[in-house]
Amino acid sequence: MTQIPTKSQIGIYGLGTMGSALALNMADNGFNVAVTNREASWVADFIHEADQLSGNLRAFESLESFVNGLQTPRVILFMIPSGAPMDAMINRVTPLLSAGDTIIDGGNADFHATRRRAAQLTELDLHFVGMGVSGGESGARFGPSMMVGGTTHSWTQLKPILRAIAAKFDGDPCVDHLGPDGAGHFVKTVHNGIEYADMQAISEIYALLRDVADWPAARIGTLFEGWNEGPLASYLVEISGKILQATDPETGSAMVDVILDQAGQKGTGRWTAIEALRLGQSASAIEAAVGARSWSSEKPARQAGEIMLPAPETAPDATSKTAPKLPDSTDLEQALIAARILGHAQGFRILAQASDHYDWSLDLARIAEIWRAGCIIRSSLLDDLSDALHSDLPHSQLILVPAIRAQLATAIPALRRVIITATTAGIPVPVLSASLAWFDSMRTGRGSANLIQAQRDFFGAHGFARLDGEGSKHHGPWGNSAQQS
Ligand code: 6PG
């Protein structure tokens, strides 16, 4: 007869969608899990629903009994809303803990807060882990991708459990210890920034097919389904294909056609753009995706603008004789490949910058590897990128790696053609456009910032470097009249 352990190997506090799914995943993998929840009534319901897995689950109604039910040093995973609730929980639980215990925040937390909390717990001889968990409910239940930030001590405690429950790519668990304190939550934030850019780029291609080519949703869905068999193979293209082919049971219309065009956002995409700027970078494709969601929420203004603001003469409508023709589907596919590569390249550049700034020693190739399965941005491209990231990046830029350059050489001409059509038709494609603008910036050896420098020197005597000289404090011949012009 199997011996039921008197103490559980891990505790999970918070039995919402993600917490419940992770608890069941751990129980399924043979771990003994203690569970509890703020609303004690949820606990019994959860155990009842867990059915045959309930032998590996132990339910507790109070925080004290839950903490006492764990093996020491303890490991407690909190799946609760990030922000103030996490701080309140830390204050409640820390008096019950002992030196060497680890508490984990498995939500999408701001990594600055994670760094602060890790420092706070270190003072108490406790360990705080910020863990990004990706893959939604089904990922959490059957194999998420997990990005762990914290101490080596905590990773030693967590490793066997997390490697067992993680998604596997060719047998390799999609989880790793990425660095100290906020590293895991930062990597998850950038994952979400890339997710935003990829979702928006897919939506822009959809908009072109819908509004320029006049394709019904299901036909676009079938095209995406086909793309998912090729270089665009990915979770997001796969689900977009399925979504576009789904029918609204109430009206019989395409499901996507009855959904209000206002996108929500919880903040991680915005944090990525903000952190990029803080680090002296620009994740312009990701920022464009965040902005697109923000503008989407201004529906009444957009509806007014549709009447008040001029459309291009070449905009597609019933009367237009010069309506643009959409490039063929191979061009659209290649345009999406280009945007996907460029969005990821910006994300990895920010990861590298943050790694230097916070002294995290992030292993970029490993990050790409643990994103190959389980997470929302999993795609065949991540397999290519993990290979590329194992090589030296010329000038720290993924887009300069030969294999990635070769993919872009094929994809960029198509992206240009698609953007020309979008511009002619007046269809907004902010991520496709921002991606191409960044690509062109990166292939322009002699840019236009010399004029910016001259302007700065003209009105503020900021000085400039000369192409033909040393130093950065040269001044132009603007004279005293400069300020008065
Ligand atoms: C994941 C997702 C997930 C995120 C949702 C919603 O990796 O599983 O990134 O963590 O919460 O995608 O994010 P938004 O509400 O900001 O779109």
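Residues numbered from 1 in each chain as written. Predicted model: local features only at pLDDT ≥ 70, side-chain atom pairs only at ≥ 80, totals over all residues. Heavy atoms only, no water.

With that settled, consider the site of the ligand. In the region of the ligand, 13 residues are neighbours, and Ser134, Lys188, Glu195, Tyr196 and Arg293 sit closest. Within the side chain of lysine 188, a nitrogen or oxygen atom sits 2.8 Å from an oxygen atom of the ligand. About the coverage of the ligand: the protein hides 80% of its 410 Å² of free accessible area. Counting residues per element, the shell around the ligand draws most heavily on helix 8 (residues 183-211), at five residues. Looking at side-chain class alone, the shell around the ligand contains two nonpolar, seven polar and four charged residues. Looking at the shell around the ligand, you find at least three residues from each of domain 1 (10-181) and domain 2 (189-442). (Near = heavy atom within 4 Å. Polar contact = N/O pair within 3.5 Å; in protein donor to acceptor, adjacent residues only side chain to side chain. Areas by Shrake-Rupley, 256 points an atom, 1.4 Å probe, with all protein chains shown as cover. Helix = DSSP H or I, 4+ residues; strand = E, 2+ residues; numbered from the N terminus. Nonpolar A, V, L, I, M, F, W, Y, C, P; charged D, E, K, R; others polar. Domains from an automatic or database assignment.)

Turning to the pairing of strand 2 (residues 33-36), a few remarks are in order. Burial along strand 2 is two-sided: the face carrying Val33 and Val35 and the face carrying Ala34 and Thr36 are both buried. The sheet contact formed by strand 1 (residues 10-13) and strand 2 spans four bridges and is parallel. When the sheet's bridge partners are listed, isoleucine 10 is paired in strand 2 with valine 33. With helix 1 (residues 17-28) bridging strand 1 and its parallel neighbour strand 2, the resulting β-α-β unit is right-handed. Here strand 2 runs beside strand 3 (residues 57-59); their pairing, made up of three bridges, is parallel. Across the sheet, residue valine 35 finds its bridge partner in strand 3, namely alanine 59. As for the winding sense of the linkage, the β-α-β connection from strand 2 through helix 2 (residues 41-50) to strand 3 is right-handed. (Buried < 20%, exposed > 50% of the residue type's maximum accessible area, 1.4 Å probe, protein only. Pairing = 2+ DSSP bridges. Right-handed = clockwise from strand over helix to strand, strands pointing away.)

Another aspect to go through is the packing of aromatic side chains. Within a pair of aromatic rings, the relevant descriptors are the distance that separates the centres and the angle that separates the planes. For the structure shown, the criterion picks out eleven aromatic pairs. Relative to tyrosine 358, the ring of phenylalanine 111 lies with its centre 5.3 Å away and its plane at 80°, an arrangement referred to as edge-to-face. Placement of phenylalanine 111 in helix 5 (residues 111-122) and of tyrosine 358 in helix 14 (residues 329-358) is noted, with a sequence separation of 247 residues between them. Overall, the relative accessible area of 16% leaves tyrosine 358 in the buried class. A centroid spacing of 5.2 Å and a plane angle of 25° characterise the contact between phenylalanine 224 and tryptophan 227, whose relative ring orientation is stacked. You can see phenylalanine 224 and its partner tryptophan 227 sitting in helix 9 (residues 217-227), three residues apart, about one turn around the helix. Members of the aromatic cluster, joined through ring pairs, are Tyr13, Phe60, Phe66 and Phe78. The lysine or arginine in question, arginine 219, covers the ring of tryptophan 215, its NZ or CZ lying 3.7 Å from the ring centre. (Phe/Tyr/Trp six-rings, centres within 6.5 Å; stacked < 30°, edge-to-face > 60°. Lys NZ or Arg CZ within 6 Å of the ring centre and 35° of its normal.)

We now examine the domain arrangement of the protein chain. When cut into domains, the protein chain gives domain 1 (10-181), domain 2 (189-442) and domain 3 (450-477). The C-alpha-based centres of domain 1 and domain 2 are spaced at 32 Å. Across the contact, 26 residues belong to domain 1 and 22 residues belong to domain 2. It is Phe111, Phe169 and Leu178 in domain 1 that bury the most area against domain 2; as a group they hold 29% of the surface buried on that side. The tally of links between domain 1 and domain 2 comes to three salt bridges. Aspartate 176 is paired through a salt bridge with arginine 366; the nearest N and O atoms lie 2.6 Å apart. Among the elements that take part in the side of domain 1 that touches domain 2, strand 10 (residues 175-179) stands out by supplying four residues, more than any other. (Contact = heavy atoms within 4.5 Å. Buried area = accessible area lost by both parts, 1.4 Å probe. Salt bridge = Lys/Arg side-chain N within 4 Å of Asp/Glu carboxyl O.)

In terms of nonpolar packing, the biggest core is built from 91 residues, with Ile205, Phe224, Phe348, Leu351 and Trp371 touching the most fellow members. Mapped onto the domain boundaries, this core takes at least three residues apiece from domain 1 (10-181) and domain 2 (189-442). When near neighbours in sequence (up to four residues on either side) are disregarded, phenylalanine 224 contacts Ile202, Ile205, Tyr206, Leu209, Val237, Ser240, Gly241 and Leu244. With 34 residues, the next largest nonpolar core counts Ala23, Val33, Leu162 and Ile165 among its residues. (Core = buried A, V, L, I, M, F, W, Y, C linked by side-chain atoms within 4.5 Å.)

The subject of this paragraph is the environment of alanine 99. Relative to the assigned elements, alanine 99 resides in the loop between helix 4 (84-93) and strand 5 (102-105). With relative accessibility at 55%, the residue alanine 99 sits in the exposed group. Along the chain, alanine 99 and arginine 219 lie 120 residues apart, while their C-alpha atoms are 59 Å from each other. In this structure, alanine 99 is in contact with Asp125 and Leu126, ignoring residues within four places of it in sequence.

Right, let's get into helix 1. Compared with an ideal rise of 1.5 Å per residue, which puts twelve residues at 16 Å, helix 1 spans 16 Å between its outermost C-alpha atoms and is within 8% of the ideal. Within helix 1, nine of the twelve residues are buried, which leaves the element mostly enclosed by the surrounding structure. Taken residue by residue, helix 1 has Gly19, Ser20, Ala21, Leu22, Ala23, Leu24, Asn25, Met26 and Ala27 as its buried positions. (Expected span 1.5 Å × (residues − 1).)

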